[in-house]
Structure formats: structure tokens, C-alpha cells
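# A look at the structure
Each chain, written out:
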Amino acid sequence: MDVMEMIQQAHAALAAARVGEAQRIAEAVAAHRVVGVLGEAEVGKTSTIGQALRLTNDGPPLIYLDLDGAASDGHVGFLLAKQIAHTLLGGTDFSLLSGGVLLPSRIQHGRLQLAELLGVEGLEEALREWPSGRYESTKALRALQTLAEQRDFILWIDHLEAPRLTPRHPLKIDRLLWGVRELSQRESRMRVLISGREALRDEILGPRAAFHQQGQWLSLHAPAAGTWREVADYLGVPPEVADELADLTGGHPTTMLLALLHLIDAEGRQLPHAENVLYDLALRDDGLTARAIQHARSLHRLGGQVLTQIALGQRPYAATQRGSATSQEISKVLNRLRLAGLLRRSDGWEIVNQLVAIRLRGTVHEPLRIADWKDIDDQLPQGDPPGSRRGR
């Protein structure tokens, strides 16, 4: 089996194991006009919601607004115009219209419908390769209102946290959400689905937020050990190994899939211990941790320090750990790292990707105290972990 086949098989196994979560989301979308799905970074929100929407073949059409990469309000208008055109014409006809080739009468008629719905400016925007920046989201929302007067559809706004990751981002999420809420209250044929990171909960659902006490809101967590046992069984890996890996990684989907793929080819040979699998994976990607530290430092001057302290099991709020920084400043750092997907919070603060944590502390289990976090690259492990059972 080649690498691509193995990856596809692993993702198919995870999707099959998460069908219960997908069904829960699908039922909520069918029963409520506004549904939200929040979760920590990298738990699989987008893939699981997509799976949920594919469970019913006869559901309303989907208009998908992905804010990951949306550079401005005009960019949102551009994305919505394209999605509206795709929904109205269908994928094939929209591709033909975008290509500007000789068009049959059916597509010419669709072009006229689009011009009536979006306006000439909106039609031109939908056919552009890149946004002009002149078609604001308010114009696109008016087009959505007109569309909702004609047919049922679902508006899915994904990666709601993305604009917040860039300082002074021109796209104002609260303004967009208020516009969507007002539209959903006026038009009963439009359903709204919102997904984003848990760190934004207060901004979406707080007392002054757009969706305060509106709709049904669900939490999505990393797959539990039982889910990973199903995936392991499907892939032919002993379920008990999946239990150990899930306990060590917190069920982080990407790391778990990498680890299980690492074990598929071990059939007929003695399986390595879960700790050694993770340690091997951590050693293979020197750039992963370096990029995480660089990202953390770009978010706050103390970002790299706090990320390293969390990996080492230290308490960044403690006076001995935070130096001259105030506890309020440390709180700001932690929240920024969480929003950016580097940290998660359950019983306490944890690094999202445990491969990063392993590289930072030098061991799978017991924290290795590192005197100077600025010289972390010099402290990265080069050999087997202390107490490694490899070769025994």
C-alpha cells in the first residue's frame, strides 16, 4: 500500500468512527435555524461538520464562507458572491460562465438571474479571479436576503477566529455576525451554521454578542480513546496501543493518525511502545517546534517563554516564572496562544500538538527542566528518550 492510500484509509477510518458526532450536528442543523460548533484548535471541526452535512443527500444547498484567509470586508463580499453564483448555477455551469466561453442559452439565462440577484457589480465580482475590494459584505448579505426569499439554504461561516489572528485586521467579525443574525431573524428559509475556536465563545455568545441566547450551540472535542480504538481496529493496529497513544496525545487527530500510520507496517514484527512512537515522530520534524516557537513569539514578546513553560509543566502565573510581567499580561499571552491554536484548555493549559511539547521538554513523560528557554534549540533531544524501552 502506498503512502497516499494509507493516508486516505486512515482518514476514512476516522470519519467512520466519528459518525455519531456528525449525526449529532446534522440533527441540530435540521432542528434549529441557528447552530454553532465550537472547539479547541485542531479537533476536526471543519471535517466533522462537512461530514454531517453530507449525511443527507436531500438537504438544502450550502453557501460556505471560509474566513481563513479573508483579507478584508471586500474579500468577504467576493467570497459570498462566488458562493451565491455557485449555488444558483451549479458547479459545472458556474465554471463555464467563469471561463467566458461560448455559452448555451441555459447558462445565459442563469447569468441574467445572477445579475438580478447580485447586481452587475456583484456578478462581475463573482467572475473575478481575485477580489476587487469594492464589493462589501453588506451588498452580499442583501443578495442573500433576496435568495432566501426564493429558496432554502444553509449559510456556513467557518474559521471564525481567523481574522482575529492578525493584529488590526480590517474585517470586523462582530459587525458581520450582527448582520447575519438580523438576516436570519427576517428570513426563515435561511439556516445559519457557525464554527470556530472555543476561545471566541464570549465574543460570539456573551451578553453583548450577536448570538447571545440564540440557536443551538455544540462543543466538539478531540476524539476520545474509544473512537481511536475503532480507528486502530479498522487499520489493523492493536486497540490497546491506541489507548496509550490517545492518553499521551490527548486524542489530537493529526498526531494520532501519524502514529497509527507509523504502526501499520509493523504487522508481523514486535510493535514499538507508544512512547517510542511519539518520540520517533517528534525527532523527525525539526521545523515543527521551531515554527511553533516563532509563531508564539510573533503573537507576544513572552509567547515563546510561556509556550515552553507549559511544555515543561511549569506555572507561567507563578512569580518565579513570570519575572517582571504582571499576571494580567500572562493571561493575555495564554489567551492569544489559545486563539492561535497553540494551546488548549481542559483541566489546565496544554500544548495542542504533543509532538511540539515532546521536542520542547525532551521527553514524552517527565518534564526536563531547561534553564534558558531562549536557547531551547540547543536543548532539543538528539538520542533516545531517558528510560526508552527501544531495543529491549
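Use the structure listed above.
Before going into details, it helps to say that this report is about the structure given with it.

## Looking at the nonpolar core
Across soluble globular proteins, nonpolar side chains have a tendency to be buried as a group. Counting residues in hydrophobic clusters, the biggest one holds 49 residues, and the most contacted among them are Leu67, Leu144, Leu160, Ile204 and Phe211. Of the residues forming this core, the biggest block, seven residues, is contributed by helix α4 (residues 73–89). If sequence neighbours within four positions are ignored, Leu160 has contacts with Leu67, Ile173, Leu177, Ile194, Ser195, Gly196, Leu200 and Ile204. Formed by 31 residues, the second largest nonpolar core is a distinct cluster that contains Met6, Ala17, Leu257 and Ile358.

## Side note on empty space enclosed by the protein
Following the criterion strictly, the structure yields one cavity of 30 Å³ or more and no others. Together, Val29, His32, Arg33, Val34, Val35, Ile154, Arg191, Val192 and Leu193 line the largest cavity. Of all the elements in the fold, those that place two or more residues in the lining of the largest cavity are β1 (34–39) and β4 (190–197). No other element matches β4, which puts three residues into the lining of the largest cavity. Of the residues that constitute the lining of the largest cavity, the class distribution is six nonpolar, one polar and two charged.

## Focus on the pairing of β4
Of all eight residues in β4, seven are buried, a share of seventy percent or more. Alignment of β1 against β4, held across six bridges, turns out to be parallel. Counterpart to Val34 in the pairing with β4 is Val192. Examined bridge by bridge, strand β3 (residues 153–158) and β4 share five bridges and lie parallel to one another.

## Structural notes on the packing of helix α2 (residues 19–31) against helix α3 (residues 45–53)
Running from amino to carboxyl end, α2 crosses α3 at an angle of 65°, the nearest separation of the two axes being 8 Å. When the axis of α2 is compared with that of α3, the two are roughly perpendicular. The two elements α2 and α3 cross, and the hand of that crossing is right-handed. Of the residues in α3, those in contact with Val19, Glu21, Ala22, Ile25 and Ala26 of α2 are Thr48, Ile49, Gln51 and Ala52.

## Focus: helix α6 (residues 105–126)
Relative to the 32 Å expected for 22 residues at 1.5 Å per residue, α6 spans just 20 Å between its end C-alpha atoms, considerably shorter than the ideal helical length. Maximum bend of α6: about 110°, positioned at Gly119. Listing the buried residues of α6 in full gives Ile107, Gly110, Leu114, Leu117, Leu118, Gly122, Leu123, Glu125 and Ala126. Those residues of α6 that are buried lie in contact with α4, α5 (91–99) and α7 (137–148).

## Quick look at the environment of Leu248
Here Leu248 is to be found in helix α11 (residues 239–249). The class of Leu248 is buried, set by a relative accessible area of 17%. When the C-alpha positions of Leu248 and Ser137 are compared, they lie 44 Å apart, and in sequence the two are 111 residues distant.

## Let's talk about the environment of Gly119
Inspection of the secondary structure assignment puts Gly119 in helix α6. Here Gly119 falls in the partly exposed class, since its relative accessible area comes to 25%.

## A closer look at the pairing of β1
The element β1 is extensively covered by neighbouring structure, given that six of its six residues are classed as buried. Alternating residues of β1 divide into Val34, Gly36 and Leu38 and Val35, Val37 and Gly39, and every residue in both groups is buried. As judged from the four bridges shared by β1 and strand β5 (residues 216–219), these two strands associate in the parallel manner. Its bridge partner lying in β5, Leu38 is registered against Ser219.

Criteria and thresholds
- Residues numbered from 1 in each chain as written.
- Predicted model: local features only at pLDDT ≥ 70, side-chain atom pairs only at ≥ 80, totals over all residues.
- Heavy atoms only, no water.
- Core = buried A, V, L, I, M, F, W, Y, C linked by side-chain atoms within 4.5 Å.
- Buried < 20%, exposed > 50% of the residue type's maximum accessible area, 1.4 Å probe, protein only.
- Helix = DSSP H or I, 4+ residues; strand = E, 2+ residues; numbered from the N terminus.
- Contact = heavy atoms within 4.5 Å.
- 1 Å grid on protein atoms, 1.4 Å probe; cavity = no way out; pocket = protein on both sides within 12 Å on 5 of 7 lines; lining within 4 Å.
- Points joined across faces, edges and corners; volume = space filled by probe spheres on them.
- Nonpolar A, V, L, I, M, F, W, Y, C, P; charged D, E, K, R; others polar.
- Pairing = 2+ DSSP bridges.
- Axes fitted to C-alpha atoms, helices over the stretch in contact; angles between N-to-C directions.
- Parallel < 35°, antiparallel > 145°, perpendicular 65-115°, else oblique.
- Left-handed = near helix turned anticlockwise from the far one by under 90°.
- Expected span 1.5 Å × (residues − 1).
- Bend = angle between axes of the 7 residues up to and from the residue.

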